[in-house]
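Coordinates in review
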Amino acid sequence: MIEIDRVEVRFNQGLPTERCALDGVSLKIPAGQFVTVIGSNGAGKSTLLNLLAGDVMADEGRVVIDGVDIGRRPAWARAREVARVFQDPLAGTCEGLSIEENLSLAAARGQGRGLGRALDGGLRRQFRDRLAGLGLGLENRLGDRMGLLSGGQRQVVTLVMATLRPMKILLLDEHTAALDPRTAAFVLELTDRIVAEAGLTVLMVTHSMRQALDHGGRTIMMHEGRIALDVAGERRARLGVPDLLAMFEEVRGETLADDALLLG
Amino acid sequence: MTVFALLGALETGLLFGLVALGVHLSFRVLNFPDLTVDGSFPLGAAVAGIMIASGIDPWLATGAAIMAGMIAGMLTAWLTVRLGILHLLSGILVMIALFSINLRIMGRPNIALIGETTVFTPFQGMAPSHLYPLAFLVTTGVVMLLLGHFLTSRLGLAMRAAGNNPRMAGANGIDTGWMTILGLGVSNGLVGLAGALFAQSQGAADVAMGIGTIVIGLASVIIGETLAPGRGVIFTVVAVVVGSILYRLSIAVALNAEFLGLQAQDLNLITAVLVGVALVLPRLRRRLAPRRGRARTPVTRTVQ
């Protein structure tokens, strides 16, 4: 169970440009749930993801994973609980290292790292099996430098890397936004497959309403640092993109109306 | 060139190979341009020198020199990682501070070690003089083996990731700050070792002996990389030491070529020209063979 409890995040505190990126957000994600997050630019969806990843610290409130408050830990100290795939396809892998070295790094995510060998026959076999399942022929290129792969291939490998070890939550930060449509579809389909097989808990930020509804079991819409909409189950199943769009407009409209009231 | 000059170049090349390995670790593996080495090289010499002159066991003195170098490197990394000082500046600050510290350690600008028992004393007695570089070959060889082993271990891989992609390293649970501190410690420990051995083989420790250490180290790394571009870790470790030996050989050739009329004081000029050439060489090579470069690209990008 992932619990975000009345979290506030403010940027540029004390400056004229101060902005409340998260304004008292509370969210509970039970184990095994796949949550999609949508919202316009600056709505706070990336801040929400970075709050769980440890790139952003809460000014108020708590971040709790399975009863343990991890809110003060830096990103590297949360790696045992949190796995992530970045938006930039090149960000999740080391281009100067080989494919197998990258996989070996990820296979030890959040673990102690001693002077034992980083690679051995057993690990290579395991990596080859995982990559063979992708059908990209990468299993024969374990020794190749990561920098030789295309952005799409690297994002696929990043996704595999993120799921090599068990985690409490998988964070997907618009991980298909920078890919061409065909590759994006492949990565999304792979995501669904891996998540279903391992029963992972996922938070996926996306720009696409279609993606938000087609994947996972619950959708959250962020607006001005708050959760404006939270749908799951039956109600979500009946929603289409036009409905979501209408709700989106409504949320924005209401806020405007509120402002008008205040100003009047 | 005489056999004596050749052996001398080989010997110095192997010894400064340790510096080159240290510089490779900071500049290339950790992507941290560390200038501390100009201070940690004479630091190693100073610590070993004063201890040996006081009658302490030379092996113990050499060990202490390694420790001193490690502390200096970790201090530089700490200034950058924890206090946020620009990496180049941290190195310069520690380097300049070490000049005073080295004078304090030695109590005078230089210490003569001629006649003292050093780690090389046993070798001097038993082998013919042309086998003398063997001692350096063994030392540098052992360090190369250890470093190669380290860089392919889980910890070493984590360090390489921290230098290559800090964000990815962090997401995989690697404390990149600690990796930088540890890596610069190991790097300057190697440089301190080189300083201690250099002082013992030359028979003196001098506070000014560190000037230009970083350039020599960098020259060796660049020459090594030019010879063996984009190979594996172990290969690069060997190439860097070979680069160091080649650097010394080219210097010896340049100084020994009568028709060039170069003298010992031209050393820094020759170094600058050598490093310049080594830096431009890969680019020249690419320009001369553009077809081969282009033909390889589609092969590597077949899928998506």
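Attention now goes to the overall build of chain A. Assigned secondary structure in chain A consists of eight helices and 10 strands. The C-alpha radius of gyration of chain A comes to 20 Å, within 12% of the 18 Å expected for a compact globule of 264 residues. Taken over 264 residues, chain A has a buried fraction of 44%. If you take every contact in chain A between residues at least 6 apart in sequence, the share linking residues at least 24 apart comes to 69%.

The next point concerns the overall build of chain B. Broken down by element type, chain B carries 13 helices and two strands. In terms of C-alpha radius of gyration, chain B reaches 20 Å, essentially the compact-globule figure of 19 Å for 304 residues. In terms of principal-axis extent, the alpha carbons of chain B reach across some 70 × 50 × 35 Å. For chain B, the proportion of its 304 residues judged to be buried stands at 46%. In chain B, the share of contacts with a sequence separation of at least 24, taken over all contacts with a separation of at least 6, comes to 79%.

For helix α12 (residues 267-288) of chain B, which comprises 22 residues, the first-to-last C-alpha distance of 31 Å matches the rise-based estimate of 32 Å (1.5 Å per residue) to within 8%. For α12(B), the principal kink sits at B:L281 and spans about 35 degrees; a proline, B:P282, occurs within the next four residues.

All right, on to the interface of chain B and chain A then. The partner chain A presents 31 residues to the 22 residues of chain B that form the contact. Among the secondary structure elements, those contributing two or more residues to the side of chain B that touches chain A are α7 (154-164) and α8 (166-171) of chain B. Sorting elements by how many residues they give to the side of chain B that touches chain A places α7(B) first, with seven residues. When its residues are assigned to classes, the side of chain B that touches chain A shows eight nonpolar, nine polar and five charged.

On average, chain B scores 88 in pLDDT, and the residues at 70 or more come to 92%. Ignoring residues within four places in sequence, the model shows residues 292-304 of chain B, a span with pLDDT below 50, making 10 contacts including any to other chains.

Moving on to the sheet that holds strand β10 (residues 226-232) of chain A. Residues and elements named next belong to chain A. If you trace the six strands from one edge of the open sheet to the other, you get β6-β7-β8-β3-β9-β10, paired in mixed fashion. Every other strand in the sheet has two partners, leaving β6 (82-85) and β10 as the edge strands with one partner each. In this sheet, neighbouring strand axes are inclined to one another by 20 degrees on average, regardless of whether the strands run parallel or antiparallel. Summarising the sheet, strand β3 (residues 34-38) and strand β8 (residues 202-205) pair through four bridges and their orientation is parallel. The partner of V35 across the bridge, within β8, is L203. Against the sheet, helix α4 (residues 151-162) contacts β6 and β7 (169-173), and its axis sits at roughly 175 degrees relative to β6.

Time to look at the packing of helix α1 (residues 3-29) of chain B against helix α11 (residues 233-256) of chain B. All names here are of chain B. Relative orientation of the contacting elements α1 and α11 amounts to 140 degrees, with a least axis distance of 7 Å. The orientation of α1 relative to α11 falls into the category oblique. Helix-helix and strand crossings are classified by hand; for α1 and α11 the assignment is right-handed. Here A5, A9, L10, T12, G13, L14, F16, G17, A20, L21 and H24 of α1 lie close against α11, whose contacting residues are V237, V240, V241, G243, S244, I245, Y247, R248, L249, A252 and N256.

This part is about the sheet that holds strand β4 (residues 60-65) of chain A. All names here are of chain A. Here we have four strands laid out as an open sheet, ordered β2-β1-β4-β5, and antiparallel in their pairing. Taken across any chain shown, the strands that pair with only one partner, and hence form the sheet edges, are β2 (19-29) and β5 (68-69). Note: strand β1 (residues 2-11) against β2, eight bridges, orientation antiparallel. Considered in β2, the bridge of V9 is made with L22. Running over the sheet, helix α1 (residues 45-53) touches β1, β2 and β4 and is turned about 65 degrees from β2.

Before going further, it helps to examine the pairing of β8(A). Residue and element names in this part refer to chain A. Taking every second residue as pointing to the same face, both faces of β8 are buried, with V202 and M204 on one and L203 and V205 on the other. As paired strands, β7 and β8 are joined by four bridges and run parallel to one another. Considered in β8, the bridge of D173 is made with V205. With helix α5 (residues 181-198) bridging β7 and its parallel neighbour β8, the resulting β-α-β unit is right-handed.

So, about α5(A). For an α-helix the count is 3.6 residues per turn, leaving residues at separations of three or four pointing the same way. Residues and elements named next belong to chain A. The terminal C-alpha atoms of α5, which comprises 18 residues, lie 26 Å apart, in line with the 26 Å expected from a rise of 1.5 Å per residue. Those residues of α5 lying buried are T183, F186, V187, L188, T191 and V195. The inward-facing, buried residues of α5 abut β3, α4, β7, β8 and α6 (209-214).

Residue and element names in this part refer to chain B. One way to put it is that helix α2 (residues 37-53) packs onto helix α4 (residues 87-106) with a least axis distance of 9 Å and a crossing angle of 10 degrees. When the axis of α2 is compared with that of α4, the two are roughly parallel. Read as a crossing pair, α2 and α4 show a hand that is left-handed. Packed against α2, whose contacting residues are D38, G39, S40, P42, L43, A46, V47, G49 and I50, the element α4 presents V94, M95, L98, F99, N102, I105 and M106 at the interface. Of the residues belonging to the contact of α2 with α4, the class tally is 11 nonpolar, four polar and one charged.

Let us look at the environment of B:A228. Relative to the assigned elements, B:A228 resides in the loop between α10 (213-227) and α11. Contact partners of B:A228, with chain neighbours within four places excluded, come to B:F235, B:T236 and B:A239.

Conventions adopted
- Residues numbered from 1 in each chain as written.
- Chains lettered and ligands numbered in written order.
- Predicted model: local features only at pLDDT ≥ 70, side-chain atom pairs only at ≥ 80, totals over all residues.
- Helix = DSSP H or I, 4+ residues; strand = E, 2+ residues; numbered from the N terminus.
- Rg over C-alpha atoms; globule rule 2.2 N^0.38 Å.
- Buried ≥ 20, exposed ≤ 12 C-beta atoms within 10 Å, placed from the backbone.
- Contact = placed C-beta atoms within 7 Å.
- Expected span 1.5 Å × (residues − 1).
- Bend = angle between axes of the 7 residues up to and from the residue.
- Nonpolar A, V, L, I, M, F, W, Y, C, P; charged D, E, K, R; others polar.
- pLDDT = per-residue confidence, 0-100.
- Pairing = 2+ DSSP bridges.
- Axes fitted to C-alpha atoms, helices over the stretch in contact; angles between N-to-C directions.
- Parallel < 35°, antiparallel > 145°, perpendicular 65-115°, else oblique.
- Left-handed = near helix turned anticlockwise from the far one by under 90°.
- Right-handed = clockwise from strand over helix to strand, strands pointing away.

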